[in-house]
Number of protein chains: 2
Amino acid sequence: MIRPAAGEKIAGSGFSVIGLGQCSLDILGCVPCYPAIDSKVDLTDTLIQGGGPVATALVALARLGEKTAFVGRVGGDDFGQRIRLGLQEEGVDCRYLLTDSGATSQFSFIAVDQRHGSRNIFCHRGSASPLGEEDFPAVSLRDSRILHLDGSHPGAAVAAARWARQSGMVVVLDGGSWRPELEPLLPYIDHLVVSEAFVKALCPGSSPQQALKLLMVYGAQAVTVTLGAKGSWTLPQTGIMFHQPAFDVTVVDTTGCGDVFHGGYIYGLLQCWPLDCIMRFAAACAAIKATALGGRSAIPGLARVNRFLADASSRQELQGPA
Amino acid sequence: MIRPAAGEKIAGSGFSVIGLGQCSLDILGCVPCYPAIDSKVDLTDTLIQGGGPVATALVALARLGEKTAFVGRVGGDDFGQRIRLGLQEEGVDCRYLLTDSGATSQFSFIAVDQRHGSRNIFCHRGSASPLGEEDFPAVSLRDSRILHLDGSHPGAAVAAARWARQSGMVVVLDGGSWRPELEPLLPYIDHLVVSEAFVKALCPGSSPQQALKLLMVYGAQAVTVTLGAKGSWTLPQTGIMFHQPAFDVTVVDTTGCGDVFHGGYIYGLLQCWPLDCIMRFAAACAAIKATALGGRSAIPGLARVNRFLADASSRQELQGPA
């Protein structure tokens with residue numbers, strides 16, 4: 001880890017959330033239907049904007065009013081410049097976003113089916129090397145409250161998670177897909193929020209609910225599995241497993257819904273809300289995001305989420321209890 | 001058309017080939033197989049380079065040693081800058097490549113199946129307006145020998161084709177896909193080279209050979225239909241229809257094969273070769289191109305094509321007549 005030189009004054013920066021993870025340039029294109037092999041399809045709408053699980057979660061937190069910093073690496077190409085600019089414009093601190101000048105940045109082409117917002121992601125991981133333990137600027141980031149990880153940069157991630165735990169920070173992991181190199185990270189995670197694909201790969205044959213119980217052995221305070229339109233299930237360490245339904249919206253694009261869900265979840269943690277309130281808030285953030293093309297276009301501010309939740313409550317009151 | 005001011009000295013530039021048409025940025029990604037709906041696939045290889053039927057044909061001609069100029073329009077974005085730079089680096093004259101600063105450039109994401117080089121193209125047409133008659137710099141381009149079109153910029157294309165015919169130039173059209181607005185262009189075309197999709201749309205129910213006879217009514221000197229791995233059929237105005245087989249190569253990516261075929265065809269016209277020699281040369285150029293990822297990566301120079309053709313001849317001699 002980066003340590004201060006002798007005599008250097010150390011001042012913690014006091015970020016609400018430090019994110020260490022992936023950042024990408026998303027090239028999104030809407031298609032009327034999927035093209036047949038060896039054929040051409042005209043995109044009916046396009047958008048180029050930053051993406052990546054941790055990076056987009058930080059954008060969500062920034063729009064909700066939190067002070068955030070991103071730790072990661074881009075290539076020296078113009079895609080890398082666009083990624084950095086996209087975060088800076090949102091107020092995410094990028095002083096620890098390193099550049100590997102000889103490398104290419106991560107990018108994804110995302111084909112969004114305009115009939116129902118489902119999508120295919122074609123992902124180039126980029127050629128920048130992952131951050132190692134020595135690249136994580138621990139000292140500069142002390143006095144921060146939450147560390148958010150997505151399992152990328154495994155060397156730096158384990159070191160950062162261990163340091164964050166020792167520093168009294170809360171550690172959150174976005175488990176998008178299971179890979180064996182994530183295992184050393186799991187004992188350091190306070191809040192584990194994983195995808196359906198993650199539990200299927202790690203706990204084959206188990207239901208999402210069974211998987212939550214298995215995942216609890218790593219010692220998290222809460223484990224959640226997100227299931228898209230089927231909502232999410234959460235198991236607190238002390239308490240009873242519960243379900244949060246997904247909100248019913250007209251879906252344009254599901255890109256980034258998981259990332260924004262994590263942003264909402266972490267916002268709730270920062271407010272010290274009870275877990276059921278956190279899950280409802282996170283689900284609202286993700287639902288609002290799904291109403292526009294792109295992982296970041298429709299990420300809401302706080303007033304928008306509160307209005308959405310108030311509207312949802314009044315609809316429910318009108319309909320009566322389920 | 002752009003006309004000179006009174007008293008302005010008019011000097012023809014003497015390009016071998018003027019191309020008026022599409023230019024695009026191709027973002028190519030190899031996939032091990034096609035992703036299922038709502039899933040993610042990692043690209044095993046990627047490449048970003050310029051594309052577009054006429055633009056890539058001019059690159060082929062430039063590599064074969066010809067003096068070329070491109071007339072078209074890009075947007076004011078960084079994709080547009082990359083497109084221009086890609087042509088300039090090949091020695092294609094871009095002084096008549098206009099920029100619409102408020103518009104987006106055309107780009108395509110091309111997913112190449114690494115098992116057999118077949119591909120899907122997801123195309124964003126860009127928001128730059130097509131060139132009109134007034135945008136074609138006819139006077140500056142006199143003393144050129146061939147005008148190559150791809151059916152884009154219909155207003156400028158008809159005016160340019162009419163002017164080229166009057167100026168004694170030869171006009172070539174790359175008919176990639178049939179659209180009714182191409183009809184006014186067809187009477188001005190000397191060499192019409194169309195795709196299988198073009199003849200299927202214009203002459204539904206006809207065989208490629210029947211379609212060639214139907215297309216001949218527009219008065220071209222020769223009409224050709226290209227059929228990918230099945231080679232091409234050519235009908236000269238005076239002469240007998242003949243077939244050119246495709247050369248047998250290990251195909252990596254078929255992107256741009258048609259464009260490079262046109263480049264080879266036009267090179268043969270410039271040398272005043274007989275049509276059967278032209279077709280063999282064009283097929284060789286396209287086959288060599290198919291051996292690498294990207295529409296332009298493997299476009300050959302003259303020595304490479306000649307060596308390829310010599311090797312193909314000696315293989316045929318060894319095998320004896322078919």
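Think of each chain on its own: its residues are numbered from 1, step by step along the sequence as written. Chain A is the first chain written and ligand 1 is the first ligand written, with later ones labelled in order. In view of the model being predicted, local features appear only for residues whose pLDDT reaches at least 70, and side-chain atom pairs are presented and counted only at 80 or more, with totals across whole chains, interfaces and linings using the full set of residues. With hydrogens and water excluded, all non-hydrogen atoms of the structure serve as input to the side-chain values.

### Examining the overall build of chain A
In step 1: Each helix corresponds to a stretch of at least 4 residues labelled H or I by DSSP, and each strand to a stretch of at least 2 residues labelled E; elements are numbered beginning at the N terminus. Per the secondary structure count, chain A includes eight helices and 14 strands.
In step 2: Taking 20 Å as the expected radius of gyration for a compact globule of 322 residues, we find that chain A reaches 19 Å, a close match to that expectation.
In step 3: Seen through its C-alpha atoms, chain A measures out along the principal axes to roughly 65 × 50 × 40 Å.
In step 4: Remark: exposure states derive from per-residue accessible area (1.4 Å probe, protein chains only) relative to the maximum for the residue type, with buried under 20%, exposed over 50%, and partly exposed in between. The buried share of chain A, taken over its 322 residues, is 55%.
In step 5: For this analysis, residues touch if any pair of their heavy atoms sits within 4.5 Å. Within chain A, counting contacts between residues at least 6 apart in sequence, those at least 24 apart form 66% of the total.
In step 6: Here, Shrake-Rupley sampling with a 1.4 Å probe gives the accessible areas, and only protein chains in the shown set may cover a residue. Carbon and sulfur atoms form 53% of the exposed surface of chain A, whose accessible area is close to 13000 Å². Computation of the radius of gyration draws on C-alpha atoms, with the globule rule given as 2.2 Å multiplied by the number of residues to the power 0.38.

### So, the pairing of strand S13 (residues 232–236) of chain B
Residue and element names in this part refer to chain B.
In step 1: Of all the five residues making up S13, four are buried; the element is thus mostly covered by neighbouring parts of the structure.
In step 2: A pair of strands is considered paired only if DSSP assigns at least 2 bridges between the two. Once strand S12 (residues 222–226) ends, the chain turns through five residues before running back antiparallel as S13, passing Gly-228 with a positive phi of about 65 degrees.
In step 3: Pairing geometry for S13 and strand S14 (residues 242–244), over three bridges, is antiparallel. Opposite Trp-233, over in S14, you have His-243 as the bridge partner.

### Considerations on the relation of the copies chain A and chain B
In step 1: Copies are brought into register by a least-squares superposition over C-alpha atoms of residues with pLDDT of at least 70 in both. Of the transformation superimposing chain A on chain B, the axial component is 0.0 Å and the angular component is 180 degrees, with the fit at an RMSD of 0.0 Å. Such a combination of rotation and displacement between the chain copies is what one expects of a two-fold axis. Across chain A, the smallest distance between a C-alpha and the rotation axis is recorded for Phe-109 of chain A, namely 3.5 Å.
In step 2: Looking at the interface residues of chain A, 100% of them are also at the interface in chain B, so both copies use one shared face.

### Examining the nonpolar core
In step 1: Buried residues of nine kinds, namely Ala, Val, Leu, Ile, Met, Phe, Trp, Tyr and Cys, make up a nonpolar core once their side-chain atoms join them within 4.5 Å. If you look at the biggest cluster of nonpolar residues, it comprises 116 residues, and the most contacted ones within it are Phe-70, Phe-122 and Tyr-265 of chain A together with Phe-70, Phe-122 and Tyr-265 of chain B.
In step 2: If we skip the residues at most four places from it in the chain, Tyr-265 of chain B touches His-191, Val-193, Ala-222, Thr-224, Leu-275, Ile-278, Met-279 and Ala-282 of chain B.
In step 3: Ranked by size, the runner-up nonpolar core spans 42 residues in total, among them Ala-69, Leu-185, Leu-227 and Leu-235 of chain B.

### Considering empty space enclosed by the protein
Residues and elements named next belong to chain A.
In step 1: Only protein atoms enter the 1 Å grid, on which a cavity is a set of points fitting a 1.4 Å probe that cannot get out and a pocket is an open set with protein on both sides within 12 Å along at least 5 of 7 lines, lining residues being those with an atom within 4 Å of a point. Grid points are joined across faces, edges and corners, and a volume is the space filled by probe spheres set on the points. Tallied over the entire structure, the rule returns one cavity of 30 Å³ or more.
In step 2: Roughly 30 Å³ of volume is contained in the largest cavity.
In step 3: Forming the boundary of the largest cavity are Gly-151, Pro-154, Ala-157, Val-158, Glu-181, Leu-182 and Leu-185.
In step 4: Amino acids are sorted into nonpolar (Ala, Val, Leu, Ile, Met, Phe, Trp, Tyr, Cys and Pro), charged (Asp, Glu, Lys and Arg) and polar (every other residue, Gly among them). Partitioned by chemical class, the residues of the lining of the largest cavity number five nonpolar, one polar and one charged.

### Focus on the sheet that holds strand S10 (residues 170–175) of chain A
Residue and element names in this part refer to chain A.
In step 1: With mixed pairing, the nine strands of this open sheet are ordered in space as S6-S5-S1-S9-S10-S11-S12-S13-S14. The sheet is open, and its two borders are formed by strand S6 (97–100) and strand S14 (242–244), each paired with just one other strand. When strand polarity is set aside, the average angle formed by the axes of neighbouring strands in this sheet is 15 degrees.
In step 2: For strand S5 (residues 68–75) and S6, the ladder comprises four bridges, and the chain directions are parallel. Bridge assignment links Arg-73 to a residue of S6, and that residue is Leu-98.
In step 3: To get an axis, fit a line to the C-alpha atoms, keeping to the stretch in contact for a helix; angles then go from 0 to 180 degrees between the N-to-C directions. Set on the sheet, helix H2 (residues 78–89) makes contact with S5 and S6; between it and S5 the angle comes to about 175 degrees.

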